[in-house]
Amino acid sequence: MTVLVFVETGAGGVTEVSREALTFARGTGAPVHAVLIGAQPDGVLAELGAYGAEEVHHVTGSAFDAYGGATWAAGLEAALVASGADTVTAAGTPRGMEVLAHLAARRDVAMAANVVSADGDIVTRQVVGGSVLEEMRLPQRPAVFTVAGHAVEAQPAAAPTTPAVTVLEPELPPQDLVARVVSTEPAGPDRSGALTSARVVVGAGRGAGGPNGFDGVVELTEVLGGALGVSRVVTSLGWRPHHEQVGQTGSRIAPEVYIPCGISGAIQHWAGCASSKTIVAINTDDEAPMVTKATYAVIGDMHEIVPAITAEVRRRRRQG
Ligand SMILES: Cc1cc2nc3c(=O)[nH]c(=O)nc-3n(C[C@H](O)[C@H](O)[C@H](O)COP(=O)(O)OP(=O)(O)OC[C@H]3O[C@@H](n4cnc5c(N)ncnc54)[C@H](O)[C@@H]3O)c2cc1C
């Protein structure tokens, strides 16, 4: 019984969620092996030892310099064979999900995503944006699953190890090298931290009408000293940057007041805003889910209502 953990690293070493995955793996009671793919920053081995990895399989070679889902899964599979592990896990990041999904397909086994606990063959995992827990049986070997973010707190091992290192340089067939990252662009500044901690969030969805339809909500956000949050339609259409997205695949917010304007309230959006204390929905449709779930609703055109609210807030402030 060995658990193999695909570990992601950055300039700062092992990522927080990979440390969580190592902690989760240790919690199964089985020996933990870690897999590193490609070039690594200094100090990673010591960190993996601190988190109790008994062995580290380092997959290297020019094929692994750039990320590729199938390529890295092939590297992980080489480590699986070398380690003889019967369980493979990783943090539930986009990369962890992709690499493990490829691995599961290669081994013709099921994969469970976003697992929060494991008991023998049974894993419990988050579904529907974390609002529902589902039990799933993983009787096949290897058992393959990703660990949901913050399912456990990252905790160094009580007894640190000095892991033995195995270097693997697998030869890959051309079909494993088809999709590769050929260039990357720096992301814009990530201000999602401001969104998750904001006491007031003004939201905007497709009802904004287009990329130039946000002036009113931005102004209200500034007047209220809050943060702007948007729906996925808005980010998918490129109207606003992704770090502003609220929902299952965006930020989870828990403000005192959330003012969603022109947002229908789809379940995936609701998953990110359900913890708001008070919701004031602005929508032309009085049957939109966001309206029916809101604490208060104003039915009408956001382009008329939002500036009117901003003007009223300013008027009352002037009056002291
Ligand atoms: C796997 C998956 C993950 C997803 N993750 C997310 C996520 O993280 N976040 C997210 O938001 N969505 C997510 N979605 C998408 C989600 O299902 C919805 O498609 C999306 O939330 C809808 O965005 P919207 O409310 O802006 O648009 P719509 O559903 O089109 O709603 C627009 C609303 O604006 C109203 N409206 C129109 N004009 C006006 C106006 N002038 N004034 C006032 N109101 C007006 C309409 O009545 C309507 O209610 C996800 C979907 C999938 C499948």
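Residues numbered from 1 in each chain as written. Predicted model: local features only at pLDDT ≥ 70, side-chain atom pairs only at ≥ 80, totals over all residues. Heavy atoms only, no water.

Peer 1: Can you help me understand the nonpolar core in this one?
Peer 2: One broad trend across soluble globular proteins is that nonpolar side chains are buried collectively. Core analysis: the largest hydrophobic core is formed by 26 residues, its most contacted members being Val5, Val7, Leu22, Leu48 and Phe145. Looking at this core, the elements with two or more residues in it are strand 1 (3-6), helix 1 (16-26), strand 4 (32-37), helix 2 (44-50), strand 7 (111-119) and strand 10 (143-147). If one sorts the elements of this core by residue count, helix 1 sits on top with 4 residues. Setting aside its immediate chain neighbours within four residues, Val7 contacts Val14, Ser18, Leu22, Ala34, Val35, Leu36 and Leu48. One finds Val35, Leu76, Ala90 and Leu103 within the second-largest nonpolar core, a separate group that totals 25 residues. (Core = buried A, V, L, I, M, F, W, Y, C linked by side-chain atoms within 4.5 Å. Buried < 20%, exposed > 50% of the residue type's maximum accessible area, 1.4 Å probe, protein only. Helix = DSSP H or I, 4+ residues; strand = E, 2+ residues; numbered from the N terminus. Contact = heavy atoms within 4.5 Å.)

Peer 1: Would you mind going over the pattern of salt bridges with me for this structure?
Peer 2: Between side chains of opposite charge, a pair can form as their charged atoms come close. All chains considered together, the criterion is met by 12 salt bridges. For the salt bridge of Arg106 with Glu77, the shortest nitrogen-to-oxygen distance reads 2.8 Å. Separated by 29 residues along the polypeptide, Arg106 in helix 4 (residues 94-107) and Glu77 in helix 3 (residues 69-83) bring together distant segments of the chain. Among the ionic pairs, Lys277 bridges to Glu256, the shortest N-O distance being 3.5 Å. (Salt bridge = Lys/Arg side-chain N within 4 Å of Asp/Glu carboxyl O.)

Peer 1: Whenever I open this one, the environment of Gln245 confuses me. Can you help?
Peer 2: Among the secondary structure elements, Gln245 is positioned in the loop between helix 7 (232-236) and strand 14 (257-261). Once the C-alpha coordinates of Gln245 and Pro142 are considered, the two residues, 103 residues apart in sequence, prove to be 36 Å apart. Those residues in contact with Gln245 that lie beyond four places of it in its chain are Leu195, Val230, Ser231, Arg232, Thr235, Gly250 and Ser251.

Peer 1: Sorry, what's going on with the site of the ligand here?
Peer 2: Among the 25 residues in the neighbourhood of the ligand, the closest are listed as Arg206, Ser231, Ser264, Gln268 and Asn283. Contact distances for the ligand include 3.0 Å between an oxygen atom and a backbone N or O atom of Gly262. When the ligand sits alone it has 990 Å² of accessible area, and the protein chains cover 74% of it. Counted by class, the shell around the ligand contains 6 nonpolar, 15 polar and 4 charged residues. (Near = heavy atom within 4 Å. Polar contact = N/O pair within 3.5 Å; in protein donor to acceptor, adjacent residues only side chain to side chain. Areas by Shrake-Rupley, 256 points an atom, 1.4 Å probe, with all protein chains shown as cover. Nonpolar A, V, L, I, M, F, W, Y, C, P; charged D, E, K, R; others polar.)

Peer 1: How do you make sense of the packing of aromatic side chains when you look at a structure like this?
Peer 2: Note on aromatic pairs: each is described by the distance of the centres and the angle between the planes. Tallying each qualifying case throughout the model produces 4 aromatic pairs. Ring centres of Phe6 and Trp72 lie 6.2 Å apart, and the angle between their planes is 85°; on these two criteria the pair is classed as edge-to-face. On the criterion of sequence distance, the pair formed by Phe6 in strand 1 and Trp72 in helix 3 is long-range, its members being 66 residues apart. Neither Phe6 nor Trp72 differs from the other in exposure class; each is buried. Residues Tyr67 and Trp72 carry aromatic rings whose centres are separated by 5.0 Å and whose planes lie at 75° to one another, so their mutual orientation is edge-to-face. According to the relative accessible area criterion, Trp72 is buried, its value standing at 9%. Following the ring pairs from residue to residue traces out a cluster consisting of Phe6, Tyr67 and Trp72. For Arg95, the ring lying beneath its charged end belongs to Trp72, and the centroid distance is 5.2 Å. (Phe/Tyr/Trp six-rings, centres within 6.5 Å; stacked < 30°, edge-to-face > 60°. Lys NZ or Arg CZ within 6 Å of the ring centre and 35° of its normal.)

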